[in-house]
Amino acid sequence: MNEADALRAAALLERAGLQPVAHAREADFLLLNSCVVRQQAEDKILGRLRYVAELKRRRPEIRIALMGCLVGRNPAERASFAARFPFVDLFLPPSDLEPLYLFLQAQGCPPALTPAASDIPPLPDSRSGHAILAHLPVMLGCSQACTYCVIPYRRGGEHSRPAAEILADARAMASRGIREIILLGQIVDRYGLDRPGEIRLPELLRQVTSVPGIARVRFLTSHPLWFTDELIETMATVPGLCPYVELPVQAGSDAVLTAMRRGYTAADFETLIAKIRAAIPRVGLSTDMIVGFPGETEAQFEESMALMRRINPDMIRIAKYSPRPLTYSARHLPDNVSDAEKERRRVAMERQLRSMLTEKNAPLLGQTVEILVERVEKNGRRHGRTPDYKPVFIVGSAADPGDLIQVRITWAGPFSLIAQAR
Ligand code: SF4
């Protein structure tokens with residue numbers, strides 16, 4: 001979501017006549033997008049802010065904007081931010097570009113801009129080579145309030161964007177050469193539930209997939225509670241809708257899941273995964289795990305490890321628990337797993353993941369798969385992904401970014417594949 005917000009901001013700045021530069025120290029205008037989902041991310045943005053404060057001390061004429069979850073959506077907090085970061089000229093809440101638009105107008109930038117974030121179709125980021133893929137936010141915020149999560153406090157409650165706007169964005173992306181669209185929401189499978197009369201995610205996926213020029217569509221992140229049979233059926237039957245789900249489980253112990261207020265048990269999750277795999281045999285599954293949640297015992301951590309062995313996902317994003325301000329867990333649950341123990345659990349899970357993926361990917365050797373070429377590497381290799389989202393480096397291909405090609409896997413590692421063009 002932050003990446004999508006950053007690309008929208010970049011599109012707005014470029015439309016206002018600004019051009020990207022190679023290094024922050026060369027810029028006249030700097031926009032920092034912030035994430036505070038974990039302490040580590042917050043520490044990183046605070047470090048960057050110290051760096052840009054120094055740049056501004058040397059060149060007082062540069063303008064600095066701070067965007068995202070550190071800023072949040074509560075205007076009452078803004079005064080304290082202004083005092084804490086006096087070198088910042090402009091604060092933008094997550095996904096809200098209106099203050100940037102007004103700021104640029106006040107600076108006399110060309111007015112060929114529209115103020116609503118939804119009116120500014122995200123542009124592909126040609127600098128990072130992702131011109132073939134684009135993220136498209138379909139809903140913003142979250143009203144779920146898992147006990148550890150700061151997102152509802154920083155991004156506000158859930159609201160879906162109108163489908164007509166999303167489809168207009170999708171068509172604009174296709175006209176710019178985008179071939180793959182990734183629909184984004186904190187709980188994307190709840191799309192439309194907060195807008196009476198709106199279509200739901202399965203229908204939205206059908207419509208985005210049928211936009212001419214769009215070869216592939218994905219969606220993330222889903223919540224196990226809202227992943228319906230209709231959604232599974234849609235994934236199984238709509239061509240171009242990739243067989244890939246991002247479905248965070250977060251823990252394998254029912255006691256920990258209850259303390260997290262996730263609303264399901266480990267058995268519920270396993271049942272859902274079995275149902276998805278029965279309908280979509282080659283589906284790729286990515287999940288999230290938190291290790292070291294308050295009170296998580298060694299035995300409960302082992303339940304998470306065992307669940308992962310049973311589920312055998314294609315990727316696990318492993319996070320060490322860190323208490324975030326305002327959340328229920330930070331206020332009421334002592335952070336009583338030591339940092340050293342959290343790290344030990346993270347490393348153990350990562351090691352298990354590596355060995356599971358080594359075994360899981362080995363049978364791919366020699367298989368033919370379809371790749372959407374995303375970019376050409378410096379050494380001439382093409383890079384793309386399988387429909388189930390495994391990254392592949394392709395040798396012997398002259399395909400252009402955006403081409404769909406058949407390749408034969410010649411090497412299968414745990415986290416990437418190498419293939420020969422056919
Ligand atoms: S569903 Fe996701 S975004 Fe929403 S509160 Fe839970 S973890 Fe945070």
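Rules of the game
- Residues numbered from 1 in each chain as written.
- Predicted model: local features only at pLDDT ≥ 70, side-chain atom pairs only at ≥ 80, totals over all residues.
- Heavy atoms only, no water.
- Helix = DSSP H or I, 4+ residues; strand = E, 2+ residues; numbered from the N terminus.
- Rg over C-alpha atoms; globule rule 2.2 N^0.38 Å.
- Buried < 20%, exposed > 50% of the residue type's maximum accessible area, 1.4 Å probe, protein only.
- Contact = heavy atoms within 4.5 Å.
- Expected span 1.5 Å × (residues − 1).
- Core = buried A, V, L, I, M, F, W, Y, C linked by side-chain atoms within 4.5 Å.
- Right-handed = clockwise from strand over helix to strand, strands pointing away.
- Pairing = 2+ DSSP bridges.
- Near = heavy atom within 4 Å.
- Nonpolar A, V, L, I, M, F, W, Y, C, P; charged D, E, K, R; others polar.
- Axes fitted to C-alpha atoms, helices over the stretch in contact; angles between N-to-C directions.
- Parallel < 35°, antiparallel > 145°, perpendicular 65-115°, else oblique.
- Left-handed = near helix turned anticlockwise from the far one by under 90°.

**Notes on the overall build of the protein**
Stage number 1. Within the protein, the regular secondary structure consists of 13 helices and 16 strands.
Stage number 2. For the protein, the C-alpha radius of gyration of 22 Å lies close to 22 Å, the compact-globule estimate for 422 residues.
Stage number 3. Reported as C-alpha extents along the three principal axes, the dimensions of the protein are approximately 60 × 55 × 50 Å.
Stage number 4. Out of the 422 residues in the protein, the part that is buried amounts to 52%.
Stage number 5. The contacts of the protein with a sequence gap of at least 6 include a subset with a gap of at least 24, amounting to 72%.

**Considerations on helix α6 (residues 163-175)**
Stage number 1. A rise of 1.5 Å per residue sets the reference length of α6, with its 13 residues, at 18 Å; its end C-alpha atoms lie 18 Å apart and thus fit the reference within 8%.
Stage number 2. Buried within α6 are the following residues: Ala163, Ile166, Leu167, Asp169, Ala170, Ala172, Met173 and Ala174.
Stage number 3. Elements that come into contact with the buried residues of α6 comprise α1 (2-15), β4 (133-137), β7 (180-184) and α7 (201-209).
Stage number 4. Following α6 by one or two positions, Gly177 has its phi on the positive side, about 95°.

**Notes on the nonpolar core**
Taken as a class, soluble globular proteins show a tendency for nonpolar side chains to be buried jointly.
Stage number 1. With 68 residues, the main nonpolar core has Ile181, Leu183, Leu204, Val208, Phe219 and Phe227 as its most contacted residues.
Stage number 2. Core analysis: the second largest hydrophobic core is formed by 21 residues, Val52, Leu55, Ile64 and Cys69 among them.

**Digging into the pairing of strand β2 (residues 63-68)**
Stage number 1. Counting buried positions along β2 gives 5 out of 6 residues, so the element sits mostly inside the fold.
Stage number 2. Between the parallel pair strand β1 (residues 29-34) and β2, the chain is carried across by helix α2 (residues 39-58), and the sense of this crossover is right-handed.
Stage number 3. Note that β2 and strand β3 (residues 90-92) share 3 bridges and pair parallel. Bridge pairing links Ala65 to Leu90 in β3.
Stage number 4. As for the winding sense of the linkage, the β-α-β connection from β2 through helix α3 (residues 78-84) to β3 is right-handed.

**Side note on the site of the ligand**
Stage number 1. Lining the immediate surroundings of the ligand are Cys142, Gln144, Ala145, Cys146, Tyr148, Cys149, Ile151, Pro152, Gln186, Ile187, His223 and Arg262.
Stage number 2. Split into classes, the residues belonging to the shell around the ligand amount to 8 nonpolar, 3 polar and 1 charged.

**Considerations on the pairing of strand β16 (residues 417-421)**
Walk down a regular strand and you will see the side chains alternate between the two sheet faces.
Stage number 1. Two elements, strand β14 (residues 391-395) and β16, share 4 bridges in a ladder whose sense is parallel. From the neighbouring strand, Ile394 faces β16, where its bridge partner is Ala419.
Stage number 2. Across 5 bridges, the pairing between strand β15 (residues 404-412) and β16 is antiparallel. Across the sheet, Ile409 pairs through a bridge with Ala419, a residue of β16.
Stage number 3. Linkage of β15 to β16, two consecutive antiparallel strands, is achieved through a turn of 4 residues.

**Concerning the packing of α7 against helix α8 (residues 229-237)**
Stage number 1. Where α7 contacts α8, the axes come no closer than 9 Å and their chain directions differ by 20°. The angle between α7 and α8 falls in the class roughly parallel. Judged by the sense of rotation from one axis to the other, the crossing of α7 with α8 is right-handed. Along the contact surface, α7 presents Leu201, Pro202, Leu205 and Arg206, while α8 presents Glu230, Leu231 and Thr234.

**A word on the environment of Ala421**
Stage number 1. Here Ala421 shows up in strand β16.
Stage number 2. For the pair formed by Ala421 and Arg262, sequence separation is 159 residues and the distance between their alpha carbons is 44 Å.

**What about the sheet that holds strand β10 (residues 284-291)?**
Stage number 1. Taken in spatial order, the 3 strands line up as β9-β10-β11 in an open sheet, and their pairing is parallel. Of all the strands in the sheet, the pair left with one neighbour each is β9 (244-246) and β11 (315-320). Taken pair by pair, the neighbouring strands of this sheet meet at an average axis angle of 15°, ignoring direction.
Stage number 2. Here β9 runs beside β10; their pairing, made up of 3 bridges, is parallel.

**Describing the sheet that holds β1**
Two orientations exist for strands paired in a sheet by backbone hydrogen bonds: parallel and antiparallel.
Stage number 1. Pairing is parallel in the open sheet, where 3 strands are placed in the order β1-β2-β3. Because the sheet does not close on itself, it has two edges, and the strands there are β1 and β3. Neighbour-to-neighbour, the strand axes of the sheet open up by a mean angle of 20°, direction not taken into account.
Stage number 2. Against the sheet, α1 makes contact with β1 and β2, and its axis sits at roughly 165° relative to β1, the strand it touches most.

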